[in-house]
Structure formats: C-alpha cells, structure tokens
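Residue-level structure breakdown
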Amino acid sequence: MRVAKQGQAFILRRAMATHFDPGAAAGADSGIFGLPHAPEEAHVVLVPVPFEATTSYGGGTSEGPAAVLQASRQVDLFDVETGRPYERGIALLPESEELRAWNTRAKARAQVVIEAGGVNPSQPELQAAADDVNQLCEKMNDTVYRTTKHWLEQGKRVGAVGGDHSISYGIIQAHAEKYPGMGVLHLDAHADLRNAYEGFTWSHASIMYNVVKRIPGVKSLVQVSVRDMSEEENQVIQDSQGRIRSYFDATLQQRRFDGVPWNRQVDEIISHLPEHVYLSFDIDGLDPVLCPHTGTPVPGGLSFPEAIALLSGVVRSGRTIVGFDLTEVAPDPEGGEWDGNVGARLLYKMIGWMLKSQRA
C-alpha cells in the first residue's frame, strides 16, 4: 500500500509538472520555489541539513532550510540573467529527522564545552563532551556525503542548504571525488581555517581547514570577502604555497575606492580557479544588512549585485560550476522573513548560474 501511494504521488507530480504555470502564485505546500518536481525527475537536487552543533555565538541556522523553503515560494521564476532555471527541475529533499535528532544532542553536549571556554586537559568531562560532538558531526558528514554521492551517481547536480558551515564537508568531499582537481570558491566573512576550534574537529570555524587538509581532490581554495580571522589562520594561508588565496574585504574595498571596477577584480579572483568550480557560500559573506540574523555577522561584505557578479564571472570565464552549498541563513526569531528571502534569492541565482555554466 505504501508503494502504491508513492506511485500515485509520483504520477500526480508528473501531471502537475506538465500543467505547471510558472507565473501563478505558489501553493503553501508546494516544493522549493513553488515547483512540483520530485527529486527523481529534477536535474537539481537540494539537500537540507538542519545542523548547527558547534555554533558558539548566534544560533538559529538549523532553521535555515525551512526558512529558505518558505521564502522561495515568493521568488519569480523567470530570471533576467539566467532565464528559466526551473525548467530543468529543482527539488528539495525532505529534512532528515535523524539529522535533527543528532543536532539536538550535539548542541547540548557542545554547550558544555563552549560555556567552559573550550576543552581543558585538566577536565576530562569536557574532552568527553567534545568527543561526543565530534562523533555526531562525523555522522552528519557521512550522511551528507552519501546522500550527495547517491544523487551525483543519478546524474543530478547537487547543492546543500544549511545549517552552519560545518555541513559543507560531506558535499565537498563527494564532489571532489567526482571532479578531482576542482576548486572551491568560498564567499565568507571568516576564513574558517581554524584547527579544531574550541576542541571541535568539525567546527563551523574549521570547515575550510578540514577541506584543504583532508580532501586532496580540492586543488585550490579561493576565498572572497574575508574580514575576520585569527593570526594562525593567516599563517595557514601563507603556508599553503598558493593553494589558498584569500581576497580580503578590506583589500577589495580599497581597490574599489581606487577605481578598479568590480568585474575586473572578479576576473582576477576567478583566474586562480581550475575548470571545475564548487561554490561554498556562507551568507555572512554578504553585507549583514542582507542577513542580520546570521550567527556571526561582521560589518562590510559584498552587496547582492556584487555577489551575483562573482557567480556570473565564473560562467563568463568558461568554467563550470559543478555544485554548491548555501549556509548560515538564520531566520528572524521574531518571525521576519528577510533572511530567508535573501537566502532563497541567492539560492536561485546560484542554481541559475550553475545551469548556465553547463550550457556555455
């Protein structure tokens, strides 16, 4: 009976897709961007990852996927730059209840460590708590990796929606296996190059450290809009022998003040990337006016048009965007929809330029 119902639902979705009106209002229970596509028939499959275990400042990013889904139904589907991305089919997978449960457990254990200021060798209970968090993060990483790998093997393009930035490891790992030698274009206010921040191996502040140290398939990491990092992170960049290139916000802005057009800066940034490019976008890379409730906002950052010009620059260069993640969208606890709105619109642009890069 369960199989029969699933089959009926699939037939119904196919019928809806056949008669879909892209100009009509989206239904309250419709899919991402109001679309009727099932994952099996969509070209782009999105993996929601409601996980924020190691967040040490503001929280709420585990509600990011739901906020983006809700806001996405207000996004008009024709895009003047990328055309009709929806025609290829876009589907958001259901949220995993197991991931939700792991997040709840990991957050509780992480809080013990965070409140103590990190792991202390003289307090074994803190190390035990950190170990528990690391094990749950490893489970999350493996789930995201296996889910991504499955859909890549089905010929889909895959993106993840977080959650804090730690959720990106599994999807980057899967893409690096499929596209060895790929580069990661990383938009973020933070370098995320800390080694086991606060004792958490898989901290959101350690995501790019783990990527460059543990995933040999990533040839290069190009960071844009970084404006908050430690001296140790700067040393990681210096020691990388060019594998990591960071375009700091202060430098980008100073060059703009000196009259260097943004598109010229974009061309220079992208010149350090290989043919296959993976996008890892922490929304706090944008001006915090656009994401006021993200966990660790920092003054400065890119405007929305500047961020989109960065995406279009990848396509203009002839490179191919193979996958992406969007993280750190945190909805307003008072119910405002601005953060989700910006996140949904950035997500649609990322999808559109990814698809356009594959047609170029």
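Residues numbered from 1 in each chain as written. Predicted model: local features only at pLDDT ≥ 70, side-chain atom pairs only at ≥ 80, totals over all residues. Heavy atoms only, no water.

Per an unreviewed UniProt entry, the chain goes by the name Agmatinase and belongs to Stigmatella aurantiaca. Turning to the chain, the UniProt annotation filed under Sequence similarities (unreviewed entry) states: "Belongs to the arginase family." (UniProt positions renumbered as here; feature names shortened; annotations may be inferred.)

In this structure, the second largest pocket encloses a volume near 300 Å³. Lining the second largest pocket are 22 residues, and of these His190, His204, Ala205, Asp228 and Thr296 sit closest to its centre. In the lining of the second largest pocket, the residues fall into seven nonpolar, seven polar and eight charged. (1 Å grid on protein atoms, 1.4 Å probe; cavity = no way out; pocket = protein on both sides within 12 Å on 5 of 7 lines; lining within 4 Å. Points joined across faces, edges and corners; volume = space filled by probe spheres on them. Nonpolar A, V, L, I, M, F, W, Y, C, P; charged D, E, K, R; others polar.)

Attention now goes to the pairing of strand β8 (residues 320-327). Across the eight residues that make up β8, a large majority, eight, are buried. Relative to β8, strand β3 (residues 157-162) is paired through four bridges, and the arrangement is parallel. Pairing of Val158 across the sheet is with Gly323, part of β8. Sheet topology places strand β7 (residues 276-282) next to β8; seven bridges connect them, and they run parallel. Paired with Val277 across the strands is Ile321, a residue of β8. Crossover connection from β7 via helix α10 (residues 304-316) to parallel β8: handedness right-handed. (Buried < 20%, exposed > 50% of the residue type's maximum accessible area, 1.4 Å probe, protein only. Helix = DSSP H or I, 4+ residues; strand = E, 2+ residues; numbered from the N terminus. Pairing = 2+ DSSP bridges. Right-handed = clockwise from strand over helix to strand, strands pointing away.)

Our focus in this paragraph is the confidence of the model for the chain. Mean pLDDT over the chain stands at 93; residues scoring 70 or higher make up 94%. Overall, residues 1-13 carries pLDDT values under 50, and its contacts beyond four positions in sequence, including any with other chains, amount to six contacts. (pLDDT = per-residue confidence, 0-100. Contact = heavy atoms within 4.5 Å.)

Here the structure, examined in full by the defined rule, presents 13 salt bridges. Across the pair Arg316 and Asp267 runs a salt bridge, and its minimum N-O distance is 2.7 Å. Of the two residues, Arg316 sits in helix α10 while Asp267 sits in helix α9 (residues 262-270), which places them 49 residues apart along the sequence. The class of Asp267 is partly exposed, set by a relative accessible area of 40%. The network of salt bridges with shared partners includes Glu63, Glu95 and Arg100. (Salt bridge = Lys/Arg side-chain N within 4 Å of Asp/Glu carboxyl O.)

Overall, parallel pairing links the eight strands, which are arranged β2-β1-β3-β8-β7-β4-β5-β6 in an open sheet. Either end of the sheet is taken by a strand with one partner, and the two such strands are β2 (90-92) and β6 (244-248). Strand after strand, the sheet turns through a mean of 20° between neighbouring axes, direction not considered. Set on the sheet, helix α4 (residues 124-153) makes contact with β1 (44-49) and β3; between it and β1 the angle comes to about 170°. (Axes fitted to C-alpha atoms, helices over the stretch in contact; angles between N-to-C directions.)

With respect to the helices and strands, Pro94 occurs in the loop between β2 and α3 (97-115). When the C-alpha atoms of Pro94 and Leu46 are compared, they prove to be 9.4 Å apart, with 48 residues separating the residues in sequence.

This brings us to empty space enclosed by the protein. If you walk through the whole model with that rule in mind, you get one cavity of 30 Å³ or more. For the largest cavity, the calculated volume is near 30 Å³. If you go around the largest cavity, the residues you meet are Leu252, Gln253, Arg256, Trp262, Gln265, Leu302 and Glu306. Of all the secondary structure elements, the ones that give two or more residues to the lining of the largest cavity are α8 (249-257) and α9. Element by element, the count of residues in the lining of the largest cavity is highest for α8, at three residues.

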